[in-house]
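Topology and contacts: notes
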Amino acid sequence: MPQNAPAPGVAPTAEQLEPVKAAVRALLHQPEYDDGSAGPVLVRLAWHSAGTYCKETNTGGSNGAGMRYEKEGGDPANAGLQHARAFLEPIKSQFPFISYADLWTVAATVAVAEMGGPSVPWQGGRTDYVDDAKVPPRGRLPDGAQGADHLRFIFYRMGFNDQEIVALSGAHNLGRCHGDRSGFEGKWVNNPTRFSNQYFKLLLKFEGEWKKTTLANGLQQFVYVDEDLAGAEEGEEKEEGLMMLPTDMSLISDPKFRAWVEKYAADQDLFFRDFAAVFAKLLELGIRRDAEGRVVNDDNVEDGYRS
Ligand code: DDH
């Protein structure tokens, strides 16, 4: 164990954490990458590390950082997330005391805040211990080609309700789809590196104008293209069109989801509060803590892979 490392399961202190967070802040600006920021893909890394959770079997979740291994990392749903892991690798080398599982999750909270989003409560202490028998099967992450039933099937399994599904989906204010990763193409909002409620506003604003298109690879998505790009806010660049996945569109066709889309489109503060709460809940899924907040593993070891 490196010197000054917290014992397995014990969270890094605020003093230990601050330089790690500063290092994440410093790497977000990536002029050569995507829209100039590592932020969106870091948020997706944390989400996919946690979103495998199943409450019935208590498997999956961010503890263990299992995506480092082929069994989970090779899930086609995780295509592209090697970029996020690579961005963070130098920070892990610089601060070996922080587990990958803590680093991936805390980095997402730093990215959300730096991109103008809310401050997401975060607790440390995750370990990098992976029990092969508990590695989640592939197929636990959502498939963008589907609809509302699928969203409920996937997110109820993690223990989320309809309001939480909509709030979490608001992360699609960030980043973009890549043809060589998911097969879908494009971004949801004009400024994909600024966290806001624009995604909800655009879903409603262009309702009826989102056009279903079939991509060359056979996948279908919805696009809005306008000469003036009416979705652009004042002062924003007007450029490529915008997109929505079929799952995104189901948030306005399903009446229960839609009620929350309308609330979040009308009230950014409400969205920020709800997003902070639900993203924090996501990052804690499957993590057992003792009375002192220390993360408890079956074996109480720091790192390793048991097959
Ligand atoms: Fe997502 N997401 N996501 N998403 N997601 C993609 C990109 C990003 C779905 C599908 C896709 C959440 C929910 C869903 C982010 C965050 C979150 C892409 C494109 C697809 C496809 C990947 C690529 O090609 O690179 C589906 C389906 C759902 C759902 O069913 C609700 C949630 C809950 C979050 C979250 O963070 C809380 C982010 C950020 C991105 C942008 C990544 C990037 O590289 O840019």
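The preceding data block contains the structure.
For the structure given in this document, a descriptive report is provided here. Not measured: the values here are computed from a predicted model.

Here we come to the overall build of the protein. Looking only at helices and strands, the protein features eleven helices and seven strands. The C-alpha atoms of the protein give 19 Å as radius of gyration, which agrees with the globular expectation for 307 residues (19 Å, within 12%). Across its three principal directions, the C-alpha atoms of the protein cover 60 × 40 × 35 Å. Looking at the protein as a whole, 55% of its 307 residues are labelled buried. Look at the contacts in the protein between residues 6 or more apart in sequence, and 71% of them connect residues 24 or more apart. Only carbon and sulfur atoms are counted for the fraction: they give 50% of the accessible area of the protein, which is about 13,500 Å². Here the protein contributes 32 positively and 45 negatively charged side chains, and the mean placements of these two sets differ by 4 Å.

Judged by nonpolar contacts, the single largest core of 89 residues is most densely connected at Leu88 and Phe279. In this structure, Phe279 is in contact with Val43, Ala46, Ala108, Val120 and Leu168, ignoring residues within four places of it in sequence.

Near the ligand there are 26 residues, and of these Leu151, His172, Arg176, His178 and Ser182 occur at the shortest range. Within the side chain of Trp47, one N or O atom sits 3.2 Å away from a nitrogen atom of the ligand. The side chain of His178 places a nitrogen or oxygen atom 2.6 Å from an oxygen atom of the ligand. Those elements giving two or more residues to the shell around the ligand turn out to be α2 (39-50), α6 (148-158), α7 (162-169) and β2 (176-177). Counting residues per element, the shell around the ligand draws most heavily on α2, which supplies five residues. Broken down by class, the residue content of the shell around the ligand amounts to 15 nonpolar, seven polar and four charged.

Ideal values for angles at a metal depend on the geometry: 109.5 degrees with four tetrahedral donors, 90 or 180 degrees with six octahedral donors. Just one protein atom donates to the iron atom of the ligand; it is His172 (NE2), sitting 2.1 Å from the metal. In this structure, His172 sits in the loop between α7 and β2.

Now for the packing of helix α4 (residues 81-94) against helix α5 (residues 100-114). Following both chains from N to C, one finds α4 and α5 inclined at 120°, their axes separated by 11 Å at the closest point. Considering the relative orientation of α4 and α5, their crossing is right-handed. Counting all contacts with α4, which are made through Arg85, Leu88, Glu89, Ile91 and Lys92, the residues of α5 involved are Tyr100, Leu103, Trp104 and Ala107. Classifying every residue of the contact of α4 with α5 by side-chain character gives six nonpolar, no polar and three charged.

Mapping Thr59 onto the fold places it in the loop between α2 and α3 (70-73). A polar contact of 2.8 Å, which involves the side chain of Thr59, links it to the side chain of Thr57. Apart from residues no more than four positions distant in its own chain, Thr59 is found in contact with Thr52, Tyr53, Cys54, Lys134 and Arg140.

The next thing to look at is the side chain of Asp248. Mapped onto the secondary structure, Asp248 falls in helix α9 (residues 246-253). This buried residue, Asp248, is left without a salt bridge; Arg44 holds the nearest opposite charge, at 10 Å. When near neighbours in sequence (up to four residues on either side) are disregarded, Asp248 contacts His172, Trp188, Tyr199 and Leu203.

Counted by the stated rule, this structure contains 13 salt bridges. In this structure, Arg25 and Glu18 form a salt bridge, with 3.4 Å as the shortest nitrogen-oxygen distance. The exposure class of Glu18 is partly exposed, given its relative accessible area of 40%. Within the structure, one salt-bridge network assembled from shared partners comprises Asp102, Arg126, Glu284 and Arg289.

What follows concerns the pairing of strand β5 (residues 220-224). For β5, a buried count of four out of five residues is recorded, marking the element as mostly surrounded by other parts of the structure. Hairpin geometry of strand β4 (residues 211-214) and β5 is characterised by an intervening segment of five residues between the two adjacent antiparallel strands and by a positive phi of about 95° at Gly218.

All right, on to the packing of helix α1 (residues 14-28) against α4 then. The axes of two packed helices give the description: the angle between them and the distance between them. α4 packs onto α1 with a crossing angle of 145° between their chain directions and a minimal axis gap of 10 Å. The element α1 and its partner α4 pack so that their crossing is right-handed. Here Val20, Ala23, Val24 and Leu27 of α1 come into contact with α4, specifically with Phe87, Leu88 and Ile91. Here the residues of the contact of α1 with α4 sort into seven nonpolar, no polar and no charged.

Between its first and last C-alpha, α4 extends 21 Å over 14 residues, near the 20 Å set by a 1.5 Å rise per residue. Along α4, the sharpest change in direction is near 35° and occurs at Leu88; proline Pro90 comes one to four residues later. Those residues of α4 that fall on the buried side of the exposure criterion are Leu81, Ala84, Arg85, Phe87, Leu88, Ile91 and Lys92. Tucked into the core, α4 has its buried residues touching α1, α2, α5 and β1 (128-131).

Cut-offs and rules
Residues numbered from 1 in each chain as written. Predicted model: local features only at pLDDT ≥ 70, side-chain atom pairs only at ≥ 80, totals over all residues. Heavy atoms only, no water. Helix = DSSP H or I, 4+ residues; strand = E, 2+ residues; numbered from the N terminus. Rg over C-alpha atoms; globule rule 2.2 N^0.38 Å. Buried < 20%, exposed > 50% of the residue type's maximum accessible area, 1.4 Å probe, protein only. Contact = heavy atoms within 4.5 Å. Areas by Shrake-Rupley, 256 points an atom, 1.4 Å probe, with all protein chains shown as cover. Lys, Arg positive; Asp, Glu negative; His and termini not counted. Charge placed at Lys NZ, Arg CZ, Asp CG, Glu CD. Core = buried A, V, L, I, M, F, W, Y, C linked by side-chain atoms within 4.5 Å. Near = heavy atom within 4 Å. Polar contact = N/O pair within 3.5 Å; in protein donor to acceptor, adjacent residues only side chain to side chain. Nonpolar A, V, L, I, M, F, W, Y, C, P; charged D, E, K, R; others polar. Donors = N, O, S within 2.8 Å, 3.2 Å for Na, K, Ca; no water. Axes fitted to C-alpha atoms, helices over the stretch in contact; angles between N-to-C directions. Left-handed = near helix turned anticlockwise from the far one by under 90°. Salt bridge = Lys/Arg side-chain N within 4 Å of Asp/Glu carboxyl O. Pairing = 2+ DSSP bridges. Expected span 1.5 Å × (residues − 1). Bend = angle between axes of the 7 residues up to and from the residue.

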